Amino acid sequence: MCGICGELRWDGVEASQPIDSMLAQLVRRGPDDQGQWQQGNIALGHRRLSIIDLSERSHQPMLDAELALVFNGAIYNYRELRSQLQAKGHQFVSEGDTEVILKAYREWGEDCPKYLHGMFAFALWDGARQRLFAARDRFGIKPFYFAQTGRFFRFASNTQALLAAGGVDTAIDPVALHFQYSLHAVIPAPHTLLQGIRKLQPAHSLVVEADGRSRIQRYWELDARRGDEIWHEDEWVERIREALLAAVRKRHTVADVPVGVLLS
């Protein structure tokens, strides 16, 4: 778990002023390191919990020429993607999964989330195109909250960070309040209890241009159709067992620190 935040402005004011306030609300998400980056109207902040590549080479925000990235989560297939991207000519300076996102964006652009298997929320500033690109994992495991006004776009890993930055409409969202009471305190994206704060939907990406124009698009959809195969009960049991083992052994235990299990 890490904490990310950032601000993009289009009102002529330099970004960065609220980053310290937002990072202060993200300390518990990332006790190991803190980083900030600012360039004109864009500023990014990161609190790190070191899981993969514990060295300074994976410090964030991570820069790669005109690209700047803040990322929260884990990319389970980063080693496979790294090899694939190296075969395409990309060179790496770190051993972690953060840099894989940067190279994946450089190779596949806005389609890069389609290649990422894991839990993630990230925001990437593309200086060449003057746009912010963000994405959230397929099931929304990692949070991505944002606030957009006529002057700025801000994002963070929790609502407290956005509130600390100020300028957020704190009126109650009646639709979200209905969900709060009818869905056992679950408020589906894009709503939150506050009118001025939204959530990026799972399996969606977001582009915010330097002039404030924005668009959200879905990059993945669950295919829940039944296949043509006919399996007996014992075959189903074995296939489910194999899938669970693969998920745990090959994906969820990817880390450079000791791994534990939490059952709830």
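These notes cover the structure that comes with them. (Residues numbered from 1 in each chain as written. Predicted model: local features only at pLDDT ≥ 70, side-chain atom pairs only at ≥ 80, totals over all residues. Heavy atoms only, no water.)

### So, the pattern of salt bridges
Here's step 1: With the rule as written, the count across this model stands at 17 salt bridges.
Here's step 2: We note a salt bridge from Arg241 to Glu238, for which the minimum N-O separation is 3.9 Å. With Arg241 and Glu238 both in helix α6 (residues 233-252), this residue pair falls three residues apart, about one helical turn.
Here's step 3: Glu238 gets classed as partly exposed once you look at its relative accessible area, which sits at 34%.
Here's step 4: Each member of the salt-bridge network shares a partner with another, and the members are Glu7, Arg9, Asp11, Arg151 and Arg154. (Salt bridge = Lys/Arg side-chain N within 4 Å of Asp/Glu carboxyl O. Helix = DSSP H or I, 4+ residues; strand = E, 2+ residues; numbered from the N terminus. Buried < 20%, exposed > 50% of the residue type's maximum accessible area, 1.4 Å probe, protein only.)

### Brief notes about the nonpolar core
When a protein is soluble and globular, its nonpolar side chains tend to lie buried together.
Here's step 1: Ranked by size, the top nonpolar core spans 27 residues in total, and within it Ile75, Phe120 and Phe122 carry the most contacts.
Here's step 2: For this core, the secondary structure elements donating two or more residues are β5 (67-75), α2 (78-87), α3 (98-108), β6 (118-126) and β7 (131-136).
Here's step 3: Per element, the largest residue contribution to this core is six residues, and it comes from α3.
Here's step 4: Counting residues in each nonpolar core, the second largest holds 20 residues, with Trp125, Ala134, Phe155 and Val208 among its members. (Core = buried A, V, L, I, M, F, W, Y, C linked by side-chain atoms within 4.5 Å.)

### Some details on the packing of α2 against α3
Here's step 1: For the pair α2 and α3, interaxial distance at closest approach is 10 Å and the crossing angle is 45 degrees. With respect to α3, the element α2 is oriented oblique. In terms of crossing hand, the pair formed by α2 and α3 is left-handed. Contacts between α2 and α3 involve Tyr78, Leu81, Arg82, Gln84 and Leu85 on the former and, on the latter, Val100, Lys103, Ala104, Glu107 and Trp108.
Here's step 2: Its residues assigned to classes, the contact of α2 with α3 shows six nonpolar, one polar and three charged. (Axes fitted to C-alpha atoms, helices over the stretch in contact; angles between N-to-C directions. Parallel < 35°, antiparallel > 145°, perpendicular 65-115°, else oblique. Left-handed = near helix turned anticlockwise from the far one by under 90°. Contact = heavy atoms within 4.5 Å. Nonpolar A, V, L, I, M, F, W, Y, C, P; charged D, E, K, R; others polar.)

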